[in-house]
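Structure at a glance
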Amino acid sequence: MAIELKLKLKDLTWLGKVFEENSMISPFSLINQEGFDEVDKNRLIEMGIVDGENNINAKFYPLFETLSKVDGFVETTLKRGPIKSKKMIMTKDNQRISLAYLNDEVIINSPANTIGMANFLREYTGGSKLTSSDLSLEIGIKEAFVFGAICDLYRKDIFKAYSEEEGFIYNGFSKEMLLEAVSKTRNNTQSLAYHIYDINGGAGQLDADELGEILKSLEEKEMIREENSIYYPAGEGILFAGNFLIVENVIEVLVGQVKEDKLYRSRFTMLQAGPLDLLYLEKSEDKIIMQCLSADNASSFISSVLSEKPDIA
């Protein structure tokens, strides 16, 4: 039987007290909002969720019991300018419940509508089967961070030419310019370097010697070229940077699993700069995966993550 409930966060705090022990990822453990009073209790009674003795109605008890004991989750966050939408699927065995948070309220659906959630994201990403770049890298964290900064420098010069209504001629960058750029990375959704920094939780310090080694490695991979100590994007690097201009959508996916009282987590980010320009970012051990996907492939991948039980331990 399908159930949909719209509750206040303080309702969850109060309802969670019914259960003697909640899992570490249960919303009953994570949400602690005070202020629940008799007015709120009467509202839950009118909804048929509880009776006058604070007992949960048998119709809803299995749903709340599952929320109490959940051992896995998939959280998706869509950011598009001022729009930010967070949805979560929580799992216990073969049971799946979705939660959508908005301000101080939450919409709960049991069973989770994973197809609906995937279609919601697809409304923003589109469904093209084409991609404008074949970029596919699995490289060291600092190497990926530097490549992101190189792309950012190139993109900024393109925007400058657009704003000044000039023909675009790229003058390249020096080691000094790049070293300054990587040292000033900040929280900016338009910065590729920042997104790489964020998904890794930092990138460490870079000095001139280490930067020189990274530039040499990227040159060997034919991602950049050097002329008279001035560097330029090259090959798939310049094709990608030239197309991936304005980040329109950011989709962050966090997967969690509780196993033997430990919480394991994995995450990936998708950046979209247009209908044919979508970049997948994931940290894998000591490397960063950077891969261009079509919007259709990205939607299918997210759909499979939403519909499968987390298994990352």
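A brief report on the enclosed structure follows. Within each chain, residue numbers correspond to sequence positions counted from 1 in written order. In keeping with the predicted nature of the model, local features appear solely for residues at pLDDT of at least 70, side-chain atom pairs appear and are counted solely at 80 or more, and the whole-chain, interface and lining totals rest on all residues. Values reported for side chains reflect all heavy atoms of the structure, with hydrogen atoms and water molecules removed beforehand.

**Points about the pattern of salt bridges**
One side-chain nitrogen of Lys or Arg within 4 Å of one carboxyl oxygen of Asp or Glu is enough to make a salt bridge. All chains considered together, the criterion is met by 16 salt bridges. Salt-bridge contacts for E180 lead to K184; the nearest nitrogen and oxygen are separated by 2.8 Å. Since its relative accessible area comes to 44%, E180 is described here as partly exposed. For K184, a relative accessible area of 55% corresponds to the exposed category. Its salt-bridge partner being R225, residue E227 comes within 2.4 Å of it at the nearest N-O pair. The network of salt bridges with shared partners includes K10, D11, D40 and R43. The rule is simple: take the accessible area with a 1.4 Å probe, protein chains only, and divide by the maximum for that residue type; under 20% is buried, over 50% is exposed, in between is partly exposed.

**Considering the side chain of T13**
In this fold, T13 is placed in helix α1 (residues 9–15). With a relative accessible area of 9%, T13 lands in the buried category. Numbering of helices and strands runs from the N terminus, with a helix taken as a DSSP run of H or I at least four residues long and a strand as a DSSP run of E at least two residues long.

**Structural notes on helix α6 (residues 141–163)**
The first and last C-alpha atoms of α6 sit 33 Å apart over 23 residues, in line with the 33 Å expected at 1.5 Å per residue. In the segment just after α6, E165 is the residue with positive phi, at about 55°. In a helix, the anticipated span is given by 1.5 Å times the number of residues less one.

**What about the environment of Y101?**
Along the polypeptide, Y101 turns up in strand β4 (residues 95–102). Separated by 46 residues in sequence, Y101 and F147 place their C-alpha atoms 35 Å apart.

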